[in-house]
Amino acid sequence: MENFVFYNPTKVYFGREQLCHLGEEALKFGKKVLLVYGGGSIKKTGLYDRVIAELKKADLQIFELAGVEPNPRHTTVNKGAKICKENGIDVVLAVGGGSVIDSAKTIAITAKYDGDDCWDLISRKAVVDENLPIMSVLTLSATGSEMDVGAVISNTELNKKWTIFGPDLRCKVSFLDPTATYSVSAYQTACGAVDIMSHIFDNAYFSNKDEMDMLLRIQEEVLKTVVKFAPVALEKPDDYDARANLMWASSWALNGFLYDGLSQDAICHRFEHELSAFYDITHGHGLAIIIPRWLRYILNEQTAPRIKRFGVNVFGVDEKLSLIEGAEKALDCLEEFFFDTLGLKSKLSDLGIDESNLATMAKNACGRLGQINGFTVLSIEDTEKIYRMCL
Ligand code: NZQ
Ligand code: ZN
């Protein structure tokens, strides 16, 4: 385990009716707010009207960027940064899911960049060490962007989907009201549940190291929380406790507490970001298809103990089974959860993906090292084979 500094200064207002604090919090940063939102869900639910009313009550001047796409585009970010520069925006407020929050973060840093293309910063051609303050009102439990330091942006001209990390890209204030997620579709609820679980898998749970048992145990409790409450939210979308548990699990899966000091290899995310870069699919669905195939591909005497432990502690697999049998049973349970309980389609071909880009995606996923490290070492060839198992 490495030394670490745990520092997570995001102020969270959790629960119903907390938006009454929105204006006072935004005012701390200045008078001009850029409100960033997606394709219109917040207008249908009435959240847009509530946000505007709160901002007006505090006498804030409101500018808007609407239409952020799922798998948000760098061109949309550039539009937002332009609004910031032309109008001297003081704070960027995201109202939406991960795509909207990620766009707001990238707008906030591009607003401080002399150039006009955020891709320069995302591709590290240029560096900026400050950004405008960011606030969020979360509407979908999934990415953890409301409390983490990263943002993921797509460049559809280059088929790239890359992450930017900034010195101060954590939201200053996030509003987490579980009732704002009642309207999330069953499909997005399912994809969000997978994404939350994947952040735990990718941030040190699936590893051969046994660095801090306390964290492994808490990670398992967060996984169990998702396994328990995602089906409840699917059955009854306005179940407050289910939505609240998923929302807080989403934030804690990726806010640093569960993995600071541990090795973070982001294996599943390397696979998935290639899929959504090439095919614009929903992030959590790509993850659901990849994760069990990856784990089956690497299952051996070395990896079986952790995979079996996952099955025993999260799905109640019989501890008396042998290591390999227990691990196989764990993966059966995981597939059943993703594809039966959550109802996600199980193959890339179900999403219209064929083999044409698999070799390129495998090479990209392996990055500059030409391999993926972590639980096991995966070569470009291994990576392509795993993609093929998903077809
Ligand atoms: O655009 P609107 O109209 O708002 O509709 C969205 C969108 O169509 C809809 N939605 C959101 N909240 C809703 C709602 N519909 C009804 N009621 C609500 N309350 O859901 C759709 C998907 O929204 P999106 O924001 O794309 O989903 P999500 O939160 O899963 O974000 C996914 C993006 O985040 C990235 C993903 O790669 C993907 O680009 N990630 C960001 C991370 C981070 N910042 O740390 C980490 C993650 O691993 C992930 O990579
Ligand atoms: Zn994710």
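Our structure's up above, just so we're on the same page.
What comes next concerns the included structure. (Residues numbered from 1 in each chain as written. Chains lettered and ligands numbered in written order. Predicted model: local features only at pLDDT ≥ 70, side-chain atom pairs only at ≥ 80, totals over all residues. Heavy atoms only, no water.)

### Considering the side chain of H273
We count it as follows: Numbering of helices and strands runs from the N terminus; a helix is a DSSP stretch of H or I covering at least four residues, while a strand is a stretch of E covering at least two. Contacts were defined at the residue level, with two residues in contact if any of their heavy atoms lie within 4.5 Å.
One can find H273 in helix α10 (residues 267-279). The contacts of H273, once residues within four sequence positions are left out, are V152, K161, T163 and H283.

### Digging into the pairing of strand β7 (residues 160-165)
Under the convention used in this document: Here, strands pair whenever DSSP counts at least two bridges between them.
Bridge analysis of strand β6 (residues 150-155) against β7 gives six bridges, and the strand direction is antiparallel. Opposite G150, over in β7, you have F165 as the bridge partner. Where β6 folds back on β7, the antiparallel hairpin that results is connected by four residues, among which N159 adopts a positive phi of roughly 55 degrees.

### Topic: a nonpolar patch on the surface
Filter applied, for reference: Patch membership requires over 30% relative accessible area and the absence of a salt bridge. Like charges are linked within 9 Å, and nonpolar side chains (Val, Leu, Ile, Met, Phe, Trp, Tyr) within 5 Å. Here the open area of atoms and residues is found with the Shrake-Rupley method and a 1.4 Å probe, where only the protein chains shown may cover a residue. Throughout this description, the term salt bridge denotes a Lys or Arg side-chain nitrogen within 4 Å of a carboxyl oxygen of Asp or Glu.
Among the surface-exposed residues, M1, F4, F6, M212 and M214 lie close enough to one another that they form a single nonpolar patch of about 460 Å² accessible area. Looking at where M1 falls in the secondary structure, it is placed in the segment before β1 (11-14).

### Some details on unusual backbone geometry
Worth spelling out the cut-off: Under the scheme applied here, a residue whose accessible area is under 20% of the maximum for its type counts as buried, over 50% as exposed, and between as partly exposed, the area being computed with a 1.4 Å probe on protein chains only.
A positive phi is found at D59, a non-glycine position, where the angle reads about 60 degrees. By secondary structure assignment, the location of D59 is in the loop between α3 (47-57) and β3 (61-65). D59 gets classed as exposed once you look at its relative accessible area, which sits at 56%.

### Considerations on the site of ligand 1
Put simply, the rule is: Here, proximity means that at least one heavy atom of the residue falls within 4 Å of the molecule or strand. Side-chain atoms alone can form a polar contact between residues adjacent in sequence; in general such a contact is a pair of N or O atoms within 3.5 Å, and within protein one must be able to donate a hydrogen while the other accepts it. Any residue that is not Ala, Val, Leu, Ile, Met, Phe, Trp, Tyr, Cys, Pro, Asp, Glu, Lys or Arg is counted as polar, Gly included; the first ten are nonpolar and the last four charged. In this entry, domain limits derive from an automatic or database-based domain assignment.
In the vicinity of ligand 1, 31 residues are found, and the nearest of them are G98, S99, D148, K161 and H199. With respect to ligand 1, the side chain of H283 contributes an N or O atom lying 3.1 Å from an oxygen atom. When ligand 1 sits alone it has 960 Å² of accessible area, and the protein chains cover 87% of it. Elements represented by at least two residues in the shell around ligand 1 include exactly α5 (98-110), β6, α7 (186-205) and α10. Residues belonging to the shell around ligand 1 are distributed by class as follows: nine nonpolar, 18 polar and four charged. Looking at which domains feed residues into the shell around ligand 1, each of domain 1 (11-180) and domain 2 (186-390) gives three or more.

Honestly, it's all geometry; don't read function into it.
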